[in-house]
Amino acid sequence: MLGLALAGCGETESGSKGLVSSIPHAGTPASDRDPVPPDGGTAGCPAEMAPGGDCVLTLETAIHSALERNVDLYNQRQSRKEQQLELEINTNLWRPKFSASTSSTTRAGTVTGSVTLTTTLKVPTGGNATLTLTHPLYGEDGESQSLSLSQPLFRGAGRAIALQPVRRARLAEQGNILGFRDSVAGLVDRVIAAYRGLSAAIRQVEISAESLERAREQSVATQALIEAGRVPARDAARAESAIANGELALERARNAEDRAQTALRDLLELDDMIRIRPVDVGALQARDLETVDPETVDPETVDPETVELETVLARRTDYQTAVIAVEQAKMALAKTENDHLPDINLNVTAPFGTDPSLGVSASFPLSDRKERHLARLQARNRLDQTEGALVTTRKNIQRELRQAVHDVAVNRRLADLARASRELAARNLEIEQIRFAQGLSSATDLTSAERELASATESEKEALVNRLNARDALDRVTGRTLERWGIAVDALEP
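Since the structure is predicted, the reported quantities are computational estimates derived from the model, not experimental observations.

Asker: Can you help me understand the overall build of the chain in this one?
Answerer: Summing up its helical and strand segments, the chain has 13 helices and eight strands in all. Here the chain holds 494 residues, and 38% of them are scored as buried. Pairs at least 24 residues apart make up 74% of the contacts formed inside the chain by residues separated by at least 6 positions. As displayed, the chain has an accessible area near 26500 Å², and 53% of this comes from carbon and sulfur atoms.

Okay, here's the thing in structure tokens:
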């Protein structure tokens, strides 16, 4: 299940193979890669520069650049090195441990000395096997060897308890991998949102500029009609007012674009002087939408009631993290119950060349029964809470899936309606311009028609952005963000 959750493969929106194949050095060891500057230094444009000096970026290139340059992700990669080493250490419980000691004594004028070599090995049943070799250095004759085994019979006995440290370490590593995967997906989501935000801001500048240009053209036409005596002179003031409002709207749109530029530059760690030009701004115009945004989600075929929920759950890091929390709580409860058992050990020592010895050591906890009961109760409650959280997470994901599928369908319809509304507003403005030229309409009616067209164009832009965002939200809910962009987390691991 975790394998499905951690590996992403597939095609990008443009139909090309996964992004991992385009990441430089993705298959080389982390030590051979060009590291991101740990001081957060900025860099130049990762793609071609336009003749005007703008950095031309596709959305895929922006994601690629963020995965390579983002300082936060770089820091998490460094942390993963520590976590991987910690896993290796914590899972090497069965590696023999060696020690050496020397001793020297003086008795009745005789000096003796020896060296002792000891090898200790944990056994999966919870015991310890020890091999001891003592070799005289001076003043003594002969050497001795012995093999001893200490095996707990109650507390600490059995594979389930003895292997808990290894299982805990592996579960912790699975959680670390899920956390790293979540960070990568979160960075991709932020880049997409910032890229779309910049595209929308640039499109808003275009809309405001087009509206201002129409207002200026209409002012010239109005002045000509006033000179011809076909409209009253007061209409000139209305035309000038429309120009002033258009200039104000254009300035606000440019300011919003500057903020969007900064937001995306920060994610990509680009130099502050670079201006980004998204090549997918056409996605915010209805005529180009289908070429850059092919529909891959059909609410009629993606039914939240019939979709394979288990497949979605296998991709969701929050659900997999909740599964891990349940397993950890179960182990904690088992250990708590085991810790309150009598500590009885079977000890066997077999010196080489002599008869073996057998012994039993025992100790019984005399702590307050209420304390033992409290410890068990706390562990049991923790398990109940994690199991309840797992059920709640599953229900929430099911509800989010239903809502995300619904939003995709609704925003698709809203985009179609917004396009129709904008086309009608454009037609209405043409009619008003003809009527105004013939003296059949007032400047107020013409200005109103112009505002309606500008508003309808903005509404269409927002509807198209919402349509794209709804699809991205469905990818997040189904855990397909990385798969959609062909990003395999293990290729980004150090």
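Asker: Mind showing me how you'd approach the pattern of salt bridges here?
Answerer: Between side chains of opposite charge, a pair can form as their charged atoms come close. Taken as a whole and judged by the stated rule, the model has 23 salt bridges. Across the pair glutamate 310 and arginine 394 runs a salt bridge, and its minimum N-O distance is 2.7 Å. Of this pair, glutamate 310 sits in helix H8 (residues 309-315) while arginine 394 sits in helix H10 (residues 369-437), and the two are 84 residues apart along the sequence. Residues lysine 335 and aspartate 339 are paired through a salt bridge, measuring 3.1 Å at the closest nitrogen-oxygen approach. Note that lysine 335 and aspartate 339 are positioned in helix H9 (residues 317-339) at a spacing of four residues, about one turn of the helix. Residue lysine 335 is classed as partly exposed on the basis of its relative accessible area, which comes to 35%. Judged by its relative accessible area of 33%, aspartate 339 is partly exposed. Because the salt bridges share partners, they merge into one network encompassing Arg167, Glu327 and Lys330.

Asker: Which parts of the structure should I look at to understand the sheet that holds strand E8 (residues 357-363)?
Answerer: What links the strands of a sheet is backbone hydrogen bonding, and the strands pair in either a parallel or an antiparallel sense. In space, the six strands of this open sheet follow the order E2-E3-E4-E5-E7-E8, with antiparallel pairing throughout. With one partner strand each, in any of the chains shown, strand E2 (97-107) and E8 form the two edges of the open sheet. Each adjacent strand pair in this sheet contributes to an overall mean axis angle of 20°, direction not counted. Bridge analysis of E2 against strand E3 (residues 110-122) gives 11 bridges, and the strand direction is antiparallel.

Asker: Explain the nonpolar core here, please?
Answerer: Across soluble globular proteins, nonpolar side chains show a tendency to be buried alongside one another. Core analysis: the biggest nonpolar cluster contains 32 residues, and Ile63, Leu67, Val184, Val188, Val191, Leu268 and Ile487 have the highest contact counts within it. Within the residue set of this core, elements represented by two or more residues are strand E1 (55-57), helix H2 (59-69), helix H5 (164-227), helix H6 (235-268) and helix H13 (489-492). Top element by residues in this core is H5. It accounts for 12 residues. With near-sequence residues (within four places) excluded, leucine 268 lies in contact with Leu57, Ala62, Ser65, Ala66, Arg69, Val191 and Ile276. Grouped together as the second largest cluster of nonpolar side chains are 12 residues, Val312, Leu313, Val326 and Leu333 included.

Asker: How should empty space enclosed by the protein be read in this particular structure?
Answerer: If a probe as big as a water molecule is rolled over the atoms, it shows which places are left empty. Scanning all chains against the criterion turns up two cavities of 30 Å³ or more. Taken as a whole, the largest cavity spans an internal volume of roughly 160 Å³. Along the wall of the largest cavity there are 15 residues; nearest its centre are Ala215, Gln218, Leu446, Thr447 and Glu450. For the lining of the largest cavity, the secondary-structure elements that each account for two or more residues are H5, H6, H10 and helix H11 (443-478). Class assignment of the residues belonging to the lining of the largest cavity gives a composition of seven nonpolar, four polar and four charged.

Asker: Hey, could you run me through the environment of valine 465 in this one?
Answerer: On the secondary structure map, valine 465 appears in helix H11. Separated by 268 residues in sequence, valine 465 and glycine 197 have C-alpha atoms that sit 8.5 Å apart.

Asker: I keep staring at the state of the cysteines and nothing clicks. Help me out?
Answerer: Formally, a disulfide is one covalent bond, and it connects the sulfur atom of one cysteine to the sulfur atom of another. Applying the stated rule across the entire model yields one disulfide. Sulfur-sulfur distance for the disulfide between cysteine 45 and cysteine 55 comes to 1.9 Å. In this structure the cystine formed by cysteine 45 and cysteine 55 twists about its S-S bond by roughly 75°; its chirality is therefore right-handed. Taken together, the residues cysteine 45 in the loop between helix H1 (2-6) and E1 and cysteine 55 in strand E1 connect sequence positions 10 residues apart. The exposure class of cysteine 55 is buried, given its relative accessible area of 0%.

Asker: Explain H10 here, please?
Answerer: It helps to recall that an α-helix has 3.6 residues per turn; residues three or four apart then point in one direction. Counted at 1.5 Å a residue, the expected span for H10 with its 69 residues is 102 Å, and the 97 Å between its end C-alpha atoms agrees. Just beyond H10, the residue with positive phi is glycine 439, at close to 75°.

Asker: Explanation requested: a nonpolar patch on the surface in the structure shown.
Answerer: Residues Val111, Leu137 and Tyr138 make up a contiguous nonpolar surface patch of roughly 270 Å² in combined accessible area. Take tyrosine 138: it is sitting in strand E4 (residues 128-138).

Asker: Just to check I follow, could you spell out the layout of surface pockets for this structure?
Answerer: By volume, the largest pocket is sized at about 380 Å³. Surrounding the largest pocket, 20 residues form its lining, Ser211, Ala242, Asn245, Glu450 and Arg451 being those nearest its centre. Contributing elements (two or more residues each) for the lining of the largest pocket: H5, H6 and H11. Top contributing element to the lining of the largest pocket by residue count: H11, with nine residues.

Asker: Explanation requested: unusual backbone geometry in the structure shown.
Answerer: Most of the time, phi is negative for any residue but glycine, and the peptide bond is trans. Positive phi outside glycine occurs at glutamate 269, with the angle close to 55°. Its location among the elements puts glutamate 269 in the loop between H6 and strand E6 (276-278).

Asker: Help me understand the pairing of strand E7 (residues 343-351) in this model?
Answerer: On a regular strand, one side chain projects to one face of the sheet and the next to the other, so that they alternate. Relative to E7, strand E5 (residues 144-152) runs antiparallel, the two being bridged by seven bridges. Looking at the pairing, serine 146 lines up with proline 351 of E7. Two strands pair when backbone bridges link them, and E7 and E8 are joined in this way by seven bridges, in the antiparallel orientation. From the neighbouring strand, threonine 349 faces E8, where its bridge partner is serine 357. In textbook terms, the turn of a hairpin is the stretch between consecutive antiparallel strands, and for E7 and E8 this stretch comprises five residues, one of which, glycine 353, has a positive phi near 95°.

What counts, and at which threshold
- Residues numbered from 1 in each chain as written.
- Predicted model: local features only at pLDDT ≥ 70, side-chain atom pairs only at ≥ 80, totals over all residues.
- Heavy atoms only, no water.
- Helix = DSSP H or I, 4+ residues; strand = E, 2+ residues; numbered from the N terminus.
- Buried < 20%, exposed > 50% of the residue type's maximum accessible area, 1.4 Å probe, protein only.
- Contact = heavy atoms within 4.5 Å.
- Areas by Shrake-Rupley, 256 points an atom, 1.4 Å probe, with all protein chains shown as cover.
- Salt bridge = Lys/Arg side-chain N within 4 Å of Asp/Glu carboxyl O.
- Pairing = 2+ DSSP bridges.
- Axes fitted to C-alpha atoms, helices over the stretch in contact; angles between N-to-C directions.
- Core = buried A, V, L, I, M, F, W, Y, C linked by side-chain atoms within 4.5 Å.
- 1 Å grid on protein atoms, 1.4 Å probe; cavity = no way out; pocket = protein on both sides within 12 Å on 5 of 7 lines; lining within 4 Å.
- Points joined across faces, edges and corners; volume = space filled by probe spheres on them.
- Nonpolar A, V, L, I, M, F, W, Y, C, P; charged D, E, K, R; others polar.
- Disulfide = S-S within 2.5 Å.
- Expected span 1.5 Å × (residues − 1).
- Patch = residues over 30% accessible without salt bridge, like charges linked within 9 Å, V, L, I, M, F, W, Y side chains within 5 Å.

Function-wise, these values are silent; they only describe arrangement.
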